[in-house]
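The primary structure of each chain is shown beneath.
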Amino acid sequence: MLTILDKYILKRYLATFAAMLLMFIPIGIIIDVSEKINFMIENKVPFLAVAVYYYHFTIYFANSLFPIFLFLSIIWFTSKLANNTEIIAILSSGISFTRFLKPYIIGASIISIFVLLMGFYVVPVSSEGFNNFRYTYLKTGGKELMRGDNTDVFRQINSNEFLYVNSFNTESKVAFNFVLEKFDKEKLVSKITASRIKWNPKDSTYTMYDYTKRTVGELGDKIVKSPEQKAKFGFDLEDLTPVVYIAETLSLNKLYQFIDKEKKRGSSNINVYMVVLYKKFSVPVSAFILTIIAVSVSSMKRRGGMGMNLTIGIAVAFGFVFFDKIFGTLAEKSTFSPLIAVWFPNIVFGILAIFLLRNAKR
């Protein structure tokens, strides 16, 4: 059962966090508008598209800076409790510091569950809208950049088939210098080549031009040629060069399926996708760690008052974000384990939280 004191602290916890979001999100929008207004005017972006973009921006921005907002909100209202000697009165009444933490942990649990569900289903939709707008209207040659490098594309379709195209046009759905090889273990079974292959959306087929199929046989190879040949394949041309932010736009189930498919294809970007997956679970956990650190730092009355606590809080919050970004990028750009990279900030700051909590109890 929650006591009156628990309800009081929990209410302050959630209300201050909500107020912090409502205060900083408009500031973020104003800064973003001031940076991008010239591009929007030059590209004659429709007002409705801008309005939808800033709806997605709000969710994307809040999710990205959630640890900082949470940490600063706890520092703020706990420091006020300390400066008003409310914490001294609470602890002097016989309540242990661990018991004092209970409403904070309940608040962290509520926010963690909310952030977890948002990350599974809502944030991916907003991430897609946010990034699509940026690449469509705000980046020069954005439609080409969003697909990454679409030349010399090599993909493993499944365990037996490998595909190569020299270049791929995302607008016309046409690929050039197409090669599809099929193997039985390490032995080549067949090889299809075409100077050009085009997707036909009406009947979900592909048309190959200057088609050649070579079937390897024990007594000799069989070669079939045709100026034009239609066929159905188990791949989508868009899968050859998925958008660079594809993992961020997928819900949890779809992300698992996508990663499984990309692993079978031998994708070189698998670490990028794994970082996105692991962060869906690590970010909510950080709410508990940052809550304990914030309470431990700000529950003590200091000479500098709230200003000193906020200074320490800002330093710790940005240190957490710095570690998160550095190790996330390290995993994406190297062979460093994505699991270790994503959870390393939580481990480091978790140890810090235990140390600060022990000192706060004293």
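This write-up is about the structure you can find in this document. (Residues numbered from 1 in each chain as written. Predicted model: local features only at pLDDT ≥ 70, side-chain atom pairs only at ≥ 80, totals over all residues. Heavy atoms only, no water.)

### Considering the overall build of the protein
At step 1: Of regular secondary structure, the protein possesses eleven helices and six strands.
At step 2: Expected size for 362 residues packed as a compact globule is a radius of gyration near 21 Å; at 27 Å, the protein overshoots this value by more than 25%.
At step 3: Projected onto its principal axes, the C-alpha coordinates of the protein cover approximately 90 × 50 × 35 Å.
At step 4: Per-residue burial for the protein yields a buried fraction of 43% across its 362 residues.
At step 5: Long-range contacts, defined here as pairs at least 24 residues apart, represent 62% of the contacts in the protein between residues at least 6 apart.
At step 6: Accessible area of the protein: about 19,600 Å², with a carbon and sulfur share of 62%.
At step 7: Of the charged side chains in the protein, 42 are positive and 27 negative; the average position of the first set lies 10 Å away from that of the second. (Helix = DSSP H or I, 4+ residues; strand = E, 2+ residues; numbered from the N terminus. Rg over C-alpha atoms; globule rule 2.2 N^0.38 Å. Buried < 20%, exposed > 50% of the residue type's maximum accessible area, 1.4 Å probe, protein only. Contact = heavy atoms within 4.5 Å. Areas by Shrake-Rupley, 256 points an atom, 1.4 Å probe, with all protein chains shown as cover. Lys, Arg positive; Asp, Glu negative; His and termini not counted. Charge placed at Lys NZ, Arg CZ, Asp CG, Glu CD.)

### Re the nonpolar core
At step 1: Within the largest apolar cluster, 54 residues are counted, with the highest numbers of intra-cluster contacts made by Tyr104 and Ile293.
At step 2: Ranked by the residues each element gives to this core, the list is headed by helix α3 (residues 66-83), at eleven residues.
At step 3: With residues near it in sequence (within four places) discarded, Ile293 still touches Phe71, Val316, Phe349, Leu352, Ala353 and Leu356.
At step 4: Formed by 16 residues, the second largest nonpolar core is a distinct cluster that contains Tyr245, Ile259, Met274 and Leu277. (Core = buried A, V, L, I, M, F, W, Y, C linked by side-chain atoms within 4.5 Å.)

### As for the pattern of salt bridges
At step 1: For the structure on display, the rule yields six salt bridges.
At step 2: Notably, a salt bridge pairs Lys36 with Asp32, separated by 2.6 Å at the nearest N-O pair. Remark: Asp32 and Lys36 occur in helix α1 (residues 4-42); sequence separation between them is four residues, near one turn of the helix. Pair check on accessibility: Lys36 and Asp32 agree, each one buried.
At step 3: One salt bridge connects Asp221 with Arg214, and the closest N-O pair in it is separated by 2.5 Å.
At step 4: Of the residues examined, Asp221 reaches a relative accessible area of 36% and is grouped as partly exposed.
At step 5: Arg214 sits in the partly exposed class, given a relative accessible area of 37%. (Salt bridge = Lys/Arg side-chain N within 4 Å of Asp/Glu carboxyl O.)

### Focus: the packing of α3 against helix α9 (residues 270-298)
At step 1: Between α3 and α9, whose axes approach to 9 Å, the crossing angle comes to 25 degrees. Considered as vectors, α3 and α9 are oriented roughly parallel to each other. When the axes of α3 and α9 are compared, the crossing they make is right-handed. Across the interface between the two elements, Phe66, Pro67, Leu70, Phe71, Ile74, Ile75, Thr78, Ser79 and Ala82 of α3 pack against Val283, Ser286, Ala287, Leu290, Thr291, Ile293, Ala294, Val295, Val297 and Ser298 of α9. (Axes fitted to C-alpha atoms, helices over the stretch in contact; angles between N-to-C directions. Parallel < 35°, antiparallel > 145°, perpendicular 65-115°, else oblique. Left-handed = near helix turned anticlockwise from the far one by under 90°.)

### Overview of the side chain of Ser190
At step 1: Position of Ser190 among the secondary structure elements: in strand β4 (residues 187-200).
At step 2: Looking at Ser190, the relative accessible area reads 12%, which means it is buried.
At step 3: The contact partners of Ser190, leaving out residues within four places of it in the chain, are Leu180, Glu181, Lys182, Lys213, Arg214 and Thr215.

### Quick notes on the side chain of Asn131
At step 1: Checked against the element boundaries, Asn131 lands in helix α6 (residues 102-138).
At step 2: Leave out the neighbours within four places in its chain, and Asn131 touches Tyr60, Tyr245 and Glu248.

### Quick notes on the pairing of strand β6 (residues 222-231)
At step 1: In this structure, strand β5 (residues 205-215) lies alongside β6, joined through nine bridges in antiparallel fashion. When the bridges of β6 are listed, Met208 appears paired with Gln229.
At step 2: Linkage of β5 to β6, two consecutive antiparallel strands, is achieved through a turn of six residues. (Pairing = 2+ DSSP bridges.)

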